[in-house]
Amino acid sequence: FEVNRPVREVAATLQQQAPECLDIAVGTVLRTFASQQNILTEYRATVVADGERAELQLQQLQKSAAVAPSKLSTSGAAVVVAEAIALPGNRTRMQLSGPSAGYDVVYRALRGWASGDNLACPDLTKVGKLSS
């Protein structure tokens, strides 16, 4: 999608919002009739920007009761990547990459941050839950 803001403004918004909104840990309890699992998921966002583009990478690391098919890095797996690319006329093209389901709250927040219309933080306790 494209927004009517220069890439420098989009980058500044991403750099401001990411640490405040995306560097958090979320605790979840999974209960079945016979057991209970406590899962701590840490999220960490990194933003890299120069004059023509910016990239936000959201990583997710499950710290407890996690099953992974292979050894993950200590910073976690990249789950969402947002790339802002400068366009002529002080416009910016945003490209979002990640799972097609379960991260709707993150995608909505990134769209709002890019446009400057909504700077609210996403509720990361909703990640993984399919929206209806």
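Starting from 1, residues in each chain are numbered consecutively following that chain's sequence as written. Per-residue local features of the predicted model are confined to residues with pLDDT of at least 70, and side-chain atom pairs are confined, for both listing and counting, to 80 or more; whole-chain, interface and lining totals are unaffected and use all residues. Values reported for side chains reflect all heavy atoms of the structure, with hydrogen atoms and water molecules removed beforehand.

Novice: Account for the state of the cysteines, naming residues and giving values.
Specialist: By definition, disulfides here are pairs of cysteine sulfur atoms that lie within 2.5 Å. Summed over the entire model, instances satisfying the criterion amount to one disulfide. Disulfide pairing places Cys 21 opposite Cys 121 at an S-S distance of 1.8 Å. Disulfide Cys 21 to Cys 121: torsion about the S-S bond roughly -55°, handedness left-handed. Of the two residues, Cys 21 sits in helix H1 (residues 7–22) while Cys 121 sits in the segment after helix H2 (104–115), which places them 100 residues apart along the sequence. For the purposes of this entry, the term helix denotes a DSSP run of H or I that reaches at least four residues, the term strand denotes a run of E that reaches at least two, and both are numbered from the N terminus.

Novice: Could you give an account of the pairing of strand S6 (residues 91–97), with specific residues and numbers?
Specialist: Two strands are counted as paired when DSSP detects at least two bridges linking them. Where strand S1 (residues 2–3) lies against S6, two bridges are found, and the strand directions are antiparallel. Considered in S6, the bridge of Glu 2 is made with Arg 93. Alignment of strand S5 (residues 77–87) against S6, held across seven bridges, turns out to be antiparallel. Along S6, the bridge assignment pairs Ile 85 with Arg 93. Here S5 hands over to S6 after three residues, with Gly 89 in that stretch at a positive phi of 75°.

Novice: Could you give me a rundown of the pattern of salt bridges, with the residues and numbers involved?
Specialist: Pairing between side chains of opposite charge can happen when their charged atoms approach one another. By convention in these notes, a salt bridge is any Lys or Arg side-chain nitrogen within 4 Å of a carboxyl oxygen on Asp or Glu. On inspection of all chains with the given rule, the structure shows six salt bridges. One connected set of salt bridges, linked through shared partners, spans Glu 2, Arg 91 and Arg 93.

Novice: Please give an account of the packing of H1 against H2 that cites residues and values.
Specialist: Where H1 contacts H2, the axes come no closer than 8 Å and their chain directions differ by 140°. What the angle tells us is that H1 and H2 run oblique. The handedness of the crossing between H1 and H2 comes out as right-handed. Contact with H1, carried on its side by Val 10, Thr 13, Leu 14, Gln 17, Ala 18, Cys 21 and Leu 22, involves Leu 110, Trp 113 and Ala 114 of H2 and no other residues of that element. For the contact of H1 with H2, a count of residues per class yields eight nonpolar, two polar and no charged. For every element, the axis is a line fit to its C-alpha atoms; helices are fit only across the contacting stretch, and the angle between N-to-C directions ranges from 0 to 180 degrees. Any angle that is under 35 degrees is reported as roughly parallel, and any over 145 degrees as roughly antiparallel; angles of 65 to 115 degrees are reported as roughly perpendicular and all others as oblique. Rotating anticlockwise by less than a right angle from the far helix to the near helix defines a left-handed crossing, while the corresponding clockwise rotation defines a right-handed one. Any two residues whose heavy atoms approach within 4.5 Å at even a single point are treated as in contact. Three residue categories are used. Nonpolar comprises Ala, Val, Leu, Ile, Met, Phe, Trp, Tyr, Cys and Pro, charged comprises Asp, Glu, Lys and Arg, and polar comprises the others, including Gly.

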